[in-house]
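Here are the chains, one letter per residue:
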Amino acid sequence: QKNNNKKILIIYSKNYEKELLQIKQKYPNELYVYLDNENYEVDLKDVLGVEDSIKQFNQILNFDKSLKIKHSPRKRNDISKIYFVLDYDLGKSVVPIVRNYAFEIDSYSSSEIFHGASDIKKLVDFENLNTPLSNELLKKIQKKKNIKSIKNELEKLLIEDFLLIEMAHQNNLFKKNLTLNTSTQKVQDNNKCIKRSLSVSRISSNELSNLP
């Protein structure tokens, strides 16, 4: 569901230009921000509309250096949601900046933004980000020692799911509830696709701190 009076802000980087070209063609009226590895904080402040607010605050302070004023930059109010299409290296820096200026706006990303991380607890940089990684899935990855990357562990868990589904097919265990690494599904016969229902979870520093 979408508020027609507001826009969705999509923040993306060079690695995803081709994918975003298709999305722009389908949804031309949303807000799109391209980030490179330099000056992205200035670009983010500008698109969120907080740069002018910061400048005005600094001008006030210049009038009287003795003033002690708490300042929360005013941002634009026509953004309903924020979607990040970034890799891990850029995402771990960009997401906290956006959260700082727009903490009350719901933000989303695919799991790809975490793929480069080598430790689940490093996801604390993505506090409050909504992703299709459940807490149960994160716990399974955290139990592994000396992982190469989250991407590598996700691939192995998906392969395990595939093998379990294939075993169900080979043994005619159709319509049985299978608890997969990524979801719980009913397995249909070989001529039908499995309808996946992936839950969306919010990254929480409290949950991460409780991981072993």
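Structure: see above.
Residues numbered from 1 in each chain as written. Predicted model: local features only at pLDDT ≥ 70, side-chain atom pairs only at ≥ 80, totals over all residues. Heavy atoms only, no water.

Draft legend 1. The arrangement of the sheet that holds strand E2 (residues 31-35) in detail. With mixed pairing, the six strands of this open sheet are ordered in space as E2-E1-E3-E4-E5-E8. Two strands in the sheet have a free side with no partner beyond their single neighbour: E2 and strand E8 (201-202). Note that strand E5 (residues 129-131) and E8 share two bridges and pair antiparallel. Within the sheet, the bridge partner assigned to Thr131 lies in E8 and is Ser201. Where helix H4 (residues 88-101) meets the sheet, it contacts strand E1 (7-13), E2 and strand E3 (79-85), and its direction lies at approximately 165° from that of E3. (Pairing = 2+ DSSP bridges. Helix = DSSP H or I, 4+ residues; strand = E, 2+ residues; numbered from the N terminus. Contact = heavy atoms within 4.5 Å. Axes fitted to C-alpha atoms, helices over the stretch in contact; angles between N-to-C directions.)

Draft legend 2. Region of interest: the packing of aromatic side chains. One pass over the full model with this rule turns up three aromatic pairs. Taking 5.6 Å as the distance between ring centres and 65° as the angle between the ring planes, the aromatic pair formed by Tyr12 and Tyr34 counts as edge-to-face. You can see Tyr12 sitting in strand E1 and its partner Tyr34 sitting in strand E2, a full 22 residues away along the chain. Under the relative-accessibility criterion, Tyr12 is labelled buried at 7%. Centre to centre, the rings of Phe114 and Phe126 are 5.0 Å apart; their planes meet at 75°, and the pair counts as edge-to-face. In this pair, Phe114 is assigned in the loop between strand E4 (106-109) and E5 and Phe126 in the loop between E4 and E5, connecting sequence segments twelve residues apart. The burial state of Phe114 is the same as that of Phe126; both residues are buried. Ring pairs connect the aromatic residues Tyr88, Phe114 and Phe126, which therefore count as one cluster. (Phe/Tyr/Trp six-rings, centres within 6.5 Å; stacked < 30°, edge-to-face > 60°. Buried < 20%, exposed > 50% of the residue type's maximum accessible area, 1.4 Å probe, protein only.)

Draft legend 3. Structural context of the pairing of E2. Burial analysis of E2 places four of its five residues in the buried class, the great majority of the element. Here E1 runs beside E2; their pairing, made up of five bridges, is parallel. Bridge assignment links Tyr12 to a residue of E2, and that residue is Tyr34. With respect to chirality, the unit in which E1 leads through helix H1 (residues 17-26) into the neighbouring parallel E2 is right-handed. (Right-handed = clockwise from strand over helix to strand, strands pointing away.)

Draft legend 4. Structural context of a nonpolar patch on the surface. On the surface, Ile159, Phe162 and Leu163 cluster together into a nonpolar patch covering about 340 Å² of accessible area. Within the fold, Leu163 resides in helix H6 (residues 150-170). (Patch = residues over 30% accessible without salt bridge, like charges linked within 9 Å, V, L, I, M, F, W, Y side chains within 5 Å. Areas by Shrake-Rupley, 256 points an atom, 1.4 Å probe, with all protein chains shown as cover. Salt bridge = Lys/Arg side-chain N within 4 Å of Asp/Glu carboxyl O.)

Draft legend 5. Geometry of the environment of Glu207. Its location among the elements puts Glu207 in helix H7 (residues 205-209). A sequence separation of 86 residues divides Glu207 from Lys121, and the C-alpha atoms of the two residues are 9.5 Å apart.

Draft legend 6. Structural view of the packing of helix H2 (residues 40-48) against H4. Two numbers describe how H2 lies on H4: the axes approach to 10 Å, and their chain directions differ by 35°. With respect to the hand of their crossing, H2 and H4 are arranged in right-handed fashion. Along the contact surface, H2 presents Tyr40, Glu41, Leu44, Lys45 and Leu48, while H4 presents Leu90, Ser93, Val94, Ile97, Val98 and Tyr101. (Left-handed = near helix turned anticlockwise from the far one by under 90°.)

Draft legend 7. How the structure looks around the pattern of salt bridges. This structure, assessed with the given rule, holds five salt bridges. One salt bridge in this structure joins Lys144 and Glu153, with 3.3 Å as the shortest N-O distance. Residue classification places Lys144 among the partly exposed residues on the basis of a relative accessible area of 35%. Residue Glu153 is classed as buried on the basis of its relative accessible area of 3%. Here Glu153 ties to Lys156 by a salt bridge, and the two come within 3.1 Å at their closest N and O atoms. Note that Glu153 and Lys156 are positioned in helix H6 at a spacing of three residues, about one turn of the helix. Under the relative-accessibility criterion, Lys156 is labelled partly exposed at 38%.

Draft legend 8. Examining unusual backbone geometry more closely. We note that Asn128 has phi near 75°; this positive angle belongs to a residue other than glycine. With respect to the element layout, Asn128 can be found in the loop between E4 and E5.

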